[in-house]
Amino acid sequence: MSRPLVVVGASGFGRETLDVVAAHNAARPDAAFEVVGVLDDGPSEANLTRLACRNIPYLGGIDHYLMTHEPVAYLLAIGAPKVREGLVARFDDAGWRAVSVVHPSASVGTMTVWLDGVVVCGGAQVSTNVHFGRHVHVNPNATIGHDSILESFVSINPAATISGDVHVRPRTLIGAGAIVLQGLSIGANTTVGAGAVVTKTVPDGVVVKGVPGVWS
Ligand SMILES: CC(C)(COP(=O)(O)OP(=O)(O)OC[C@H]1O[C@@H](n2cnc3c(N)ncnc32)[C@H](O)[C@@H]1OP(=O)(O)O)[C@@H](O)C(=O)NCCC(=O)NCCS
């Protein structure tokens, strides 16, 4: 029997996550989810139309839905790490439990450990002994090297490369196509810009740009 699932976020990553769930369902009918619909506190008209075109119900705003419905599985499908973190307590307090989904075209190595709410998109390559915190997103074609740690609410954007033995601290976003060299640590609340090459350990709360990456 399919497990009911609510997706949070009607924007780009929300609808990409719906695709990940659909591909997961096709590959794993024994562990399929039934998408109840999408929650969003302020969806654009364009995104409501996009949901309607694919026959996915829009369920309204988060707090009203949490007050009026029994808990089911959920996914925070919002690209911004701090927004995800800001929402979690509302679901925790209402007794909801996040699930993790992996696109069947992603590869995931041995000894990988994850907490709830992880989304791994198509074409991503996750090596061995990678640890994921809560609500980590790995976008399409990103690579996560062996023995790396991605702490809670980290986002790895499309085609970024995290080399082996890298530690990315909470709420940090690694931009599209960025490369983080092996053995480095990236601080919390940091953004690594698209295309940057990180060659040194990066502190908390900075924006890194360029090749080699410099921060401010
Ligand atoms: C780096 C980033 C976080 C923005 O930082 P910011 O300081 O707020 O950047 P701004 O847009 O104000 O631009 C400031 C300057 O940085 C430059 N800049 C912006 N992003 C850059 C990047 N990734 N690499 C190099 N330079 C960049 C701008 O051209 C601008 O230069 P200028 O002052 O000479 O005109 C953002 O551009 C970025 O790369 N985010 C990741 C995007 C991504 O991954 N997208 C995929 C989504 S799925």
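We now turn to the structure provided with this report. Everything quoted here is computed from the prediction, not taken from an experiment. (Residues numbered from 1 in each chain as written. Predicted model: local features only at pLDDT ≥ 70, side-chain atom pairs only at ≥ 80, totals over all residues. Heavy atoms only, no water.)

### Quick notes on the overall build of the protein chain
Phase 1: When helices and strands are counted, the protein chain shows four helices and 24 strands.
Phase 2: Radius of gyration (C-alpha) of the protein chain: 17 Å, near the 17 Å computed for a compact globule of 216 residues.
Phase 3: Judged by the C-alpha coordinates and their principal axes, the protein chain covers about 50 × 35 × 30 Å.
Phase 4: Sequence separation of at least 24 residues holds for 30% of the intrachain contacts in the protein chain that already meet a minimum separation of 6.
Phase 5: If you sum the accessible surface of the protein chain, you get close to 9300 Å²; carbon and sulfur atoms cover 56% of it.
Phase 6: For the protein chain, the separation between the mean place of its 14 positive charges and that of its 17 negative charges on side chains is 6 Å. (Helix = DSSP H or I, 4+ residues; strand = E, 2+ residues; numbered from the N terminus. Rg over C-alpha atoms; globule rule 2.2 N^0.38 Å. Contact = heavy atoms within 4.5 Å. Areas by Shrake-Rupley, 256 points an atom, 1.4 Å probe, with all protein chains shown as cover. Lys, Arg positive; Asp, Glu negative; His and termini not counted. Charge placed at Lys NZ, Arg CZ, Asp CG, Glu CD.)

### Things to note about the environment of T201
Phase 1: The residue T201 is located in the loop between β22 (197-198) and β23 (207-209) in this model.
Phase 2: Spatially, the C-alpha atoms of T201 and V166 are 9.5 Å apart, while their sequence positions differ by 35 residues.
Phase 3: Once residues lying within four places of it in the same chain are set aside, the contact partners of T201 are L184, S185 and W215.
Phase 4: In terms of polar contacts, T201 uses its side chain to reach the backbone amide nitrogen of S185, at 3.3 Å. (Polar contact = N/O pair within 3.5 Å; in protein donor to acceptor, adjacent residues only side chain to side chain.)

### Here we look at the site of the ligand
Phase 1: Every residue close to the ligand is listed here: N157, P158, G175, A176, T191, G193, A194, V207 and K209.
Phase 2: Here an oxygen atom of the ligand and a side-chain polar atom of N157 are 2.9 Å apart.
Phase 3: In this structure, A176 approaches the ligand through a main-chain N or O atom, which is 2.7 Å from an oxygen atom.
Phase 4: Within the complex, the protein chains bury 34% of what would otherwise be the 890 Å² of accessible surface of the ligand.
Phase 5: Its residues placed into classes, the shell around the ligand shows four nonpolar, four polar and one charged. (Near = heavy atom within 4 Å. Nonpolar A, V, L, I, M, F, W, Y, C, P; charged D, E, K, R; others polar.)

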